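Coordinate inspection notes
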Amino acid sequence: MDWLNSILQGVLVGGLYAMFAAGLSLIFGVMRLVNIAHGDLVVLAAYLALVVTQALGMGPLASLLVIAPLMAAIGYGLQRWLLNRTLGDDLLPPLLVTFGLSVIIQNGLLEIFSPDSRKLQAGAIETATIPLTPDLSIGVLPLVQFLVAVVMIGALQALFYRTAWGRAFRATSDDQSTVQLVGVDNRHVFGLAMGLSLAVVSVAGVFLAVRANFDPSMGPARLIFGFEAVIIGGLGNLWGTLAGGVVLGVAQAIGAKIDPGWQLLAGHLAFLMVLAVRPEGFFPRVQA
Amino acid sequence: MRDLLTICGLDAFYGDFQALFDVSLRVGEGEVVAIVGSNGAGKSTLLKSIAGQIATRRDAISFDDAPIGGERTHVLLKRGISLVPEGRRLFPSLSVEENLLIGGEHGRKGPWTLARVYDLFPVLAERRNQRSTSLSGGQQQMVAIGRALMSNPRLLLCDEISLGLAPIVVREIYERLPQIIGDGMSLVIVEQDILQALAASARVYCLQEGRVTLEGDSRSVSRETIAAAYFGV
């Protein structure tokens, strides 16, 4: 029963990893940009949530009403005025610039908030559990986190495949020169994609901050979890990304169960195994 | 006839390479103009300049009495200039219907709708949910034309629509031209197939090595004159 419990917790944490990964995957899919600062933006969203909950006296989840639009606006601005200038045939400039951004965000947060770890208080929901059997119960908060991840990925999937925005995203991803011939401004679409990505990031940031302690230095590790979930699931497939997050979460939970020090190692090993056996991931995008 | 498009002294460059030299040309409202010339004569470059895909001097190109040279492509589409690009350039991850829909989402309002495009090319209605890459070349060309029409252009630019297609398919597409320009749309067709171009157009320009070597009436121009302008002999 202990094992089942660990695996269940791993599945639920996988939802959080899928949230890290979905934003990353979206940006890469639309504009082939690898955002090294992605994890630090998650942490930035967590600190914004800290400020907003303290200043406005809102609960962490309610604070998303402020933070998600704010992060989306930051994303749009960042893309239009900085990252668009780095895009081109060469993949290196956007990597270097987002790496620089990562350093700036980490040190900026360190300067403003100090290296002390913080946590968002969500109240009674944090300790509430639902008993499944006498020995097995699941926490309400991890469950909510997982369900939010599922809903978010379903919503992104619907946006991509059923709306005019989604058509513009996919067409831009196909051919950013021809898309202008149908009246789409590719620079604007890139801005929208980054805005959407950071809105997703803000949700991930809030759950990260409620779930455990956070500090300015933890961004790069979240980036790695996001990357691993994307690769395990298969590039360009959002449901695959959710599956990738779950695989990573379960591997970490099993590792931690064997020995608490093996938690991260087990996740990385699962990732390397998938990369060795099935490098295209479990659910690669269907090619025409 | 009122001029919709006027080009005056247009030079165009790819980096240091000059592709067009002092090109002047006009297209009247509702007129069909053909541009012929051999490979590398600058025909596609000319269309790309008009559609804003190549930087040009602002006042070298005027559309509806306003200078538009070097304006961005998506802005020009909203003013009514639509290009059917060489090689069709459909979006492979969009279905046939989605390719058409995206064509209409950022353009002008007007008579062209999904239903009317399907009316023009009924075969596309049967294949609406297929991926555009699964279609034959001719059907893909129909999607490309339909996608451009969905933006309700005032000026439609067609770059080599017969390229790589069987003659019977080319004829089928050209037979639809009267239906396409029925509402007074102006049309510029770039073709290597001179007879097809002359039959479909009212006036013809011939380009050779980036310069206009002939301008004439498509009905009265003689083959010898065209050949001379085409090959420079």
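All chains use their own residue numbering, which begins from 1 and follows the written sequence. The lettering of chains begins at A and the numbering of ligands begins at 1, in the order of writing. Only residues with pLDDT of at least 70 are given local features in this predicted model, and only at 80 or more are side-chain atom pairs given and counted; all residues enter the totals for whole chains, interfaces and linings. Remark: hydrogens and water are excluded; side-chain values derive from all non-hydrogen atoms of the structure.

All names here are of chain B. Any two strands with at least two DSSP-identified bridges between them are counted as paired. Helix numbering and strand numbering both begin at the N terminus, where a helix is a DSSP run of H or I of at least 4 residues and a strand a DSSP run of E of at least 2. With respect to topology, four strands assemble into an open sheet ordered S2-S1-S4-S5, the strand pairing being antiparallel. In the strand order of this sheet, the two ends are held by strand S2 (17–28) and strand S5 (66–67), each with one partner. In this sheet, S5 lies alongside strand S4 (residues 61–63) in antiparallel orientation, the contact comprising two bridges. Within the sheet, the bridge partner assigned to Ser62 lies in S5 and is Pro67.

Our next topic: the interface of chain A and chain B. Here, two residues are considered to be in contact whenever any of their heavy atoms come within 4.5 Å of each other. At the junction of the two partners, chain A supplies 21 residues and chain B supplies 22 residues. Buried area: the accessible surface (1.4 Å probe) lost by two parts on joining, summed over both. Counting each side, the surface lost to burial between chain A and chain B is near 2000 Å², with a carbon and sulfur contribution of 55%. Contact with chain B buries surface across chain A, with Arg167, Leu181 and Val182 of chain A losing the most and accounting together for 34% of the total. Just to be clear on terms, a salt bridge is a Lys or Arg side-chain nitrogen sitting within 4 Å of an Asp or Glu carboxyl oxygen. With its nearest N and O atoms 3.1 Å apart, the salt bridge here joins Arg89 of chain B to Asp175 of chain A. In protein, a polar contact means a hydrogen-donor-capable atom and an acceptor-capable atom, both N or O and within 3.5 Å, with residues adjacent in sequence counting only if both atoms are side-chain atoms; elsewhere, any N or O pair within 3.5 Å suffices. Across the contact surface, chain A and chain B share nine residue pairs in polar contact (both at pLDDT 80 or more). Breaking the side of chain A that touches chain B down by element, the ones donating at least two residues are helix H6 (164–174) and helix H7 (186–211) of chain A. A total of six residues in the side of chain A that touches chain B trace back to one element, the largest contributor, which is H6 of chain A. Tallied by class, the residues present in the side of chain A that touches chain B amount to ten nonpolar, five polar and six charged. Throughout, the ten residues Ala, Val, Leu, Ile, Met, Phe, Trp, Tyr, Cys and Pro are labelled nonpolar, Asp, Glu, Lys and Arg are labelled charged, and all others, Gly among them, are labelled polar.

To continue, consider the pattern of salt bridges. Residue and element names in this part refer to chain B. Throughout the structure, instances matching the rule amount to 22 salt bridges over all chains. Note that Asp59 is salt-bridged to Arg57, the shortest N-O span being 3.0 Å. Exposure categories follow from relative accessible area, calculated using a 1.4 Å probe and restricted to protein chains: below 20% of the type maximum is buried, above 50% is exposed, and the middle band is partly exposed. Accessibility expressed as a relative area gives 44% for Arg57, which makes it partly exposed. Taking the shortest distance from any N to any O, the salt bridge between Glu215 and Arg203 comes out at 3.2 Å.

Further remarks concern the pairing of strand S7 (residues 155–159) of chain B. All names here are of chain B. For S7, a buried count of five out of five residues is recorded, marking the element as mostly surrounded by other parts of the structure. Residue alternation in S7 divides its side chains into two sets, Leu155, Leu157 and Asp159 and Leu156 and Cys158, and both sets are buried. Pairing between strand S6 (residues 81–84) and S7: four bridges, direction parallel. From the neighbouring strand, Ser82 faces S7, where its bridge partner is Leu156. Pairing geometry for S7 and strand S8 (residues 186–191), over five bridges, is parallel. Bridge pairing in S8 links Leu156 to Leu187.

Once that is clear, we can look at the packing of aromatic side chains. Residue and element names in this part refer to chain A. Note on aromatic contacts: the rings of Phe and Tyr and the six-membered ring of Trp form a pair at centre separations within 6.5 Å, being stacked when their planes are under 30 degrees apart, edge-to-face when over 60 apart, and tilted otherwise. For the structure shown, the criterion picks out seven aromatic pairs over all chains. With 4.9 Å between their ring centres and 75 degrees between their planes, Tyr47 and Phe214 make a pair best called edge-to-face. One end of the pair, Tyr47, is in helix H2 (residues 38–56); the other, Phe214, is in the loop between H7 and helix H8 (219–233), with 167 residues separating them in the sequence. The pair formed by Tyr47 and Phe214 is uniform in burial state, with each residue classed as buried.

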